[in-house]
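# Summary of structural features
One letter stands for each residue in the lines below.
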Amino acid sequence: MTDIDILQEFLKMPLENTEDVFEKFLLIPGAIHRGHGLEQFVFVNGKRKNKVVLVAHADTVWDSFYTFREHEIQDIYQENGIFRNRNGGLGADDRAGCAILWLLKDSGHSLLITNGEEGGRMGSRWLMNENQDIAEIINQEHQFAIQLDRRGDRDFKCYSVGTNDFRAYIEEATGYTEPDRRSFTDIVTLCNDMCGVNLSIGYQNEHSEDEYLVKSDWENTLELCRTWLSNEELPRFTLRVL
C-alpha cells in the first residue's frame, strides 16, 4: 500500500469510536494495550538506542463523548490535493497523525496512541496517573516526544514542555516555526522530564463540518520525520525552568 492508501484507510475509519484504530496498532508485535473507553492507550516500545516517542490520539471530536454527530458513513474523496468527507467532518485531527505513526512503525522509534485527547487528555492523564511503569519508560528512555496533531503547515508548538535549546533544535531540524505557546495537547501531560513538540500535519478547520486535509502538507511532515528520525544520533532534551 502507498502512503496515501494508508492515510485514506485511517480517514475512512468510523469517527464515532476508536476501535478500528486500536485494533490496527495492536497488530504490531509487542504492542501494549491498557484501559478502556476514553482512558486507554497503545504503546509500542521502540528498539533503537537513541529513540523518540511518537504520539497521536485515536479519538476525534466526533466520537461518542459528544452527542451532535449521528451519521457513521465516511465518504472520503480527494480533489486537487485536498481530502474532504462529503458527509462533513473529516477527523484528520487526529487520524492523519495516526496514519503517520503507522507509516513510521518500522523506524525503531516508540509509538503511543492515546484516547480521549479531545475530552481533556483523558487517556494521557490516566497513563501518567495509573501506569507508572509506562510513564517512566516514556520519560526516561526517550530523547524527546513528537506529537503529530497540529493544524496547518510547517509550524510547531512546544507549549510548556520545551526549553529554549529544544525550540532552537526543532527549528533547525524541521524548518518549522512556532507561532505562540498557547493551548495544550497530550505531550503537555506526558512530558514531565523530557521535552516535547507537536508538528503540523496539514489539516484545517478542525472540529467543524468544513474540516479538510492538504495532501502535500501531510506528506511534507511525513517525509521530514522519515529523514530526521533516521539520524543515528538524536540528542536528549530535558525540561528545566526557563
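For the structure, check the block above.
Residues numbered from 1 in each chain as written. Predicted model: local features only at pLDDT ≥ 70, side-chain atom pairs only at ≥ 80, totals over all residues. Heavy atoms only, no water.

## Looking at the packing of aromatic side chains
Inspection of every chain in the model, using the stated rule, returns eleven aromatic pairs. Taking 5.5 Å as the distance between ring centres and 55° as the angle between the ring planes, the aromatic pair formed by F144 and F166 counts as tilted. Here F144 is found in the loop between helix 5 (132-140) and strand 7 (145-150), whereas its partner F166 is found in helix 6 (residues 164-174), with 22 residues between them in sequence. F144 gets classed as buried once you look at its relative accessible area, which sits at 0%. (Phe/Tyr/Trp six-rings, centres within 6.5 Å; stacked < 30°, edge-to-face > 60°. Helix = DSSP H or I, 4+ residues; strand = E, 2+ residues; numbered from the N terminus. Buried < 20%, exposed > 50% of the residue type's maximum accessible area, 1.4 Å probe, protein only.)

## Some words on the pairing of strand 9 (residues 196-200)
Counting buried residues along strand 9, five of its five residues qualify, which places the element largely inside the surrounding structure. Relative to strand 9, strand 7 runs parallel, the two sharing five bridges. Paired with R150 across the two strands is S200, which belongs to strand 9. Pairing analysis gives two bridges linking strand 8 (residues 156-157) to strand 9, with the strands arranged antiparallel. (Pairing = 2+ DSSP bridges.)

## Some words on the pattern of salt bridges
In this structure the tally under the stated criterion is 15 salt bridges. When the shortest N-O distance is used, the salt bridge between R150 and D155 registers 3.1 Å. Note on accessibility: R150 and D155 belong to one class, buried. One salt bridge in this structure joins R151 and E206, with 2.4 Å as the shortest N-O distance. (Salt bridge = Lys/Arg side-chain N within 4 Å of Asp/Glu carboxyl O.)

Such coordinate-based values are descriptive only and should not be taken to indicate function.
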